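Each chain is listed here by its residues.
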Amino acid sequence: ISLGCFTGLRISDILSLRWKQILGTDEFTVIEQKTGKVRTIRLNPQLQHHIKECYEHINPVGINAPILISQKGTIFTIQRINIILKEVNFSCHSLRKTFGRQVYNMNSDNAELALVKLMELFNHSSVAITKRYLGLRQEEILQTYDCLSF
């Protein structure tokens, strides 16, 4: 859950990750499965620590192992991850949206810039798509204008 909420990656991209890509580093690169675009992700110290703890707790067969595997040693499917997340009122897509909403909320003093950054991170073709994706209500959008000053 943390990796999705901290990076904004789609679950298909998270499922393709190997420990060697994310352990002991502050950046890694993925080729997004949906878009085919290369994306560099920065891991903040809190997430790096969490990844290290997970690796030590899970104790995978090796550094080349996928980060999400079942007890049988198979890679989870998106459907199975959704079933697991549904137990805590989440979905695979919620991870990515949570990332976006968190970035937007933390940058409320400059919401338009936050939306432009998110548009780039999500590889959306327009800010309008990003707004719709995040589920921003019209009132929230209008409040952006209230914080402007000259």
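Quantities reported herein were computed from a predicted structural model and do not represent experimental measurements.

Thoughts on the side chain of Thr 130
Phase 1: Tracing the backbone through its elements, the reader meets Thr 130 in helix 8 (residues 127–134).
Phase 2: Classification of Thr 130 by relative accessible area gives buried; the value is 0%.
Phase 3: Among the polar contacts made by the side chain of Thr 130, one reaches the side chain of His 124 at a distance of 2.8 Å.
Phase 4: Setting aside residues up to four positions removed in sequence, Thr 130 forms contacts with Leu 115, Leu 118, Met 119, Phe 122 and His 124.

So, the environment of Ile 67
Phase 1: Within the secondary structure, Ile 67 is located in the loop between helix 4 (45–58) and helix 5 (78–86).
Phase 2: Sequence separation of Ile 67 and Gln 21 is 46 residues, and the distance between their C-alpha atoms is 9.6 Å.
Phase 3: With near-sequence residues (within four places) excluded, Ile 67 lies in contact with Leu 3, Ile 14, Leu 17, Arg 18, Trp 19 and Ile 22.

Focus on the packing of helix 7 (residues 111–122) against helix 8
Phase 1: Packing of helix 7 against helix 8 leaves a shortest axis separation of 9 Å and a crossing angle of 90°. Classified by the angle their axes make, helix 7 and helix 8 are roughly perpendicular. Residue-level inspection shows Glu 112, Leu 115, Val 116, Leu 118, Met 119 and Phe 122 of helix 7 in contact with helix 8, the latter providing Val 127, Thr 130, Lys 131, Tyr 133 and Leu 134.
Phase 2: Among the residues making up the contact of helix 7 with helix 8, the classes are represented as 8 nonpolar, 1 polar and 2 charged.

Describing the confidence of the model for the protein chain
Phase 1: With 98% of its residues at a pLDDT of 70 or more, the protein chain shows a mean pLDDT of 90.
Phase 2: Mean pLDDT across the secondary structure elements of the protein chain bottoms out at helix 9 (residues 138–146), with 73, and peaks at helix 3 (residues 19–22), with 97.

Looking at the environment of Asn 123
Phase 1: For Asn 123, the location among the structural elements is in the loop between helix 7 and helix 8.
Phase 2: Residues Asn 123 and Glu 112, spaced 11 residues apart in sequence, show a C-alpha to C-alpha distance of 16 Å.
Phase 3: Not counting residues up to four positions away in its chain, the partners in contact with Asn 123 are Glu 32, Thr 35 and Lys 37.

Conventions used here
Residues numbered from 1 in each chain as written. Predicted model: local features only at pLDDT ≥ 70, side-chain atom pairs only at ≥ 80, totals over all residues. Heavy atoms only, no water. Helix = DSSP H or I, 4+ residues; strand = E, 2+ residues; numbered from the N terminus. Buried < 20%, exposed > 50% of the residue type's maximum accessible area, 1.4 Å probe, protein only. Polar contact = N/O pair within 3.5 Å; in protein donor to acceptor, adjacent residues only side chain to side chain. Contact = heavy atoms within 4.5 Å. Axes fitted to C-alpha atoms, helices over the stretch in contact; angles between N-to-C directions. Parallel < 35°, antiparallel > 145°, perpendicular 65-115°, else oblique. Nonpolar A, V, L, I, M, F, W, Y, C, P; charged D, E, K, R; others polar. pLDDT = per-residue confidence, 0-100.

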